[in-house]
Amino acid sequence: MADGKDSALSGQTSSEPLLVQTIVCAYTQAELPTPWLAIFHRFERVMQKAGLRIRVRLFPLEELPETFEVLVVPPELEAAAMALQGGARIIVTSRPEAPAAADALLREIERGETLYAEKVRPGEPKIMTHRGGDIL
């Protein structure tokens, strides 16, 4: 469980730092709990405030995108996420632990030892997600 300590982060173990471009907050296809939306928004805000060029997305665990570097899941989906063996960093957190988990991930990205991200350049278009006719 994520408790704000960097040891709460698991997954990628290569000595080469991994460029983070996408973080996926996963849920079950059967249910998207309201607290999970709050976790998604927390990670999204933390990365935006840090000025990082990282897209935070919300997907069911059963329909993950082809490429992503970090997977955030609730404790009840930890075993299913580990079974995917996709090479992504897996962060297990709950709503009360989400602020500490997002901050720990940001610290790790800013250190650049295992994960890193590019900064948003001035004047660069904002990353937006389109679903149907609505911009999310």
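Residues numbered from 1 in each chain as written. Predicted model: local features only at pLDDT ≥ 70, side-chain atom pairs only at ≥ 80, totals over all residues. Heavy atoms only, no water.

1. A short note on the overall build of the chain
In terms of regular secondary structure, the chain is built from three helices and nine strands. Written out in order from the N terminus, the α and β elements of the chain read β-β-β-α-β-β-α-β-α-β-β-β. Within the chain, contacts between residues separated by at least 24 positions form 72% of all contacts whose residues are at least 6 apart in sequence. When the accessible surface of the chain is split by element, carbon and sulfur atoms take 51% of a total near 7,800 Å². (Helix = DSSP H or I, 4+ residues; strand = E, 2+ residues; numbered from the N terminus. Contact = heavy atoms within 4.5 Å. Areas by Shrake-Rupley, 256 points an atom, 1.4 Å probe, with all protein chains shown as cover.)

2. So, the nonpolar core
Core analysis: the biggest nonpolar cluster contains 26 residues, and Ile-23, Phe-43, Met-47, Ile-54, Val-72, Leu-105 and Ile-109 have the highest contact counts within it. When sequence neighbours within four positions are dropped, the list of residues in contact with Met-47 reads Ile-23, Leu-52, Ile-54, Val-56, Ala-102, Leu-105, Leu-106 and Ile-109. Counting residues in each nonpolar core, the second largest holds twelve residues, with Ala-26, Leu-77, Ile-90 and Val-92 among its members. (Core = buried A, V, L, I, M, F, W, Y, C linked by side-chain atoms within 4.5 Å. Buried < 20%, exposed > 50% of the residue type's maximum accessible area, 1.4 Å probe, protein only.)

3. Considering the pattern of salt bridges
Across all of its chains, the model carries two salt bridges by this definition. With its nearest N and O atoms 2.8 Å apart, the salt bridge here joins Glu-118 to Arg-53. One end of the pair, Glu-118, is in the loop between strand S7 (115-116) and strand S8 (130-131); the other, Arg-53, is in the loop between helix H1 (34-49) and strand S4 (55-60), with 65 residues separating them in the sequence. Judged by relative accessible area, Glu-118 falls into the partly exposed class, the value being 31%. The exposure class of Arg-53 is partly exposed, given its relative accessible area of 21%. The partner of Arg-89 in a salt bridge is Glu-108, with the nearest N and O atoms 2.8 Å apart. Residue Arg-89 is located in strand S6 (residues 89-92), and its partner Glu-108 is located in helix H3 (residues 98-111); the two are separated by 19 residues in the primary sequence. One exposure class covers both Arg-89 and Glu-108, and it is buried. (Salt bridge = Lys/Arg side-chain N within 4 Å of Asp/Glu carboxyl O.)

4. Some thoughts on the packing of H1 against H3
Working note: a packed helix pair is described by the angle between its axes plus the distance between those axes. Two elements in contact, H1 and H3, have axes whose closest approach is 9 Å; the angle formed by their N-to-C orientations is 35°. At the point where H1 passes H3, the crossing takes the right-handed sense. Where H1 approaches H3, its residues Ile-39, Arg-42, Phe-43, Val-46 and Met-47 are matched on the opposing element by Ala-98, Pro-99, Ala-101, Ala-102, Asp-103, Leu-105, Leu-106 and Ile-109. (Axes fitted to C-alpha atoms, helices over the stretch in contact; angles between N-to-C directions. Left-handed = near helix turned anticlockwise from the far one by under 90°.)

5. A word on the pairing of strand S3 (residues 22-27)
Counting buried positions over the six residues of S3 gives six, a clear majority of the element. Of the two faces of S3, the one holding Thr-22, Val-24 and Ala-26 and the one holding Ile-23, Cys-25 and Tyr-27 are both buried throughout. Here S3 runs beside S4; their pairing, made up of six bridges, is parallel. Among the inter-strand pairings, Cys-25 is bridged to a residue of S4, identified as Leu-58. Each parallel crossover has a hand, and the one from S3 via H1 to S4 is right-handed. Judged from the three bridges that link them, S3 and strand S5 (residues 70-73) form a sheet pairing that is parallel. Paired with Cys-25 across the two strands is Val-72, which belongs to S5. (Pairing = 2+ DSSP bridges. Right-handed = clockwise from strand over helix to strand, strands pointing away.)

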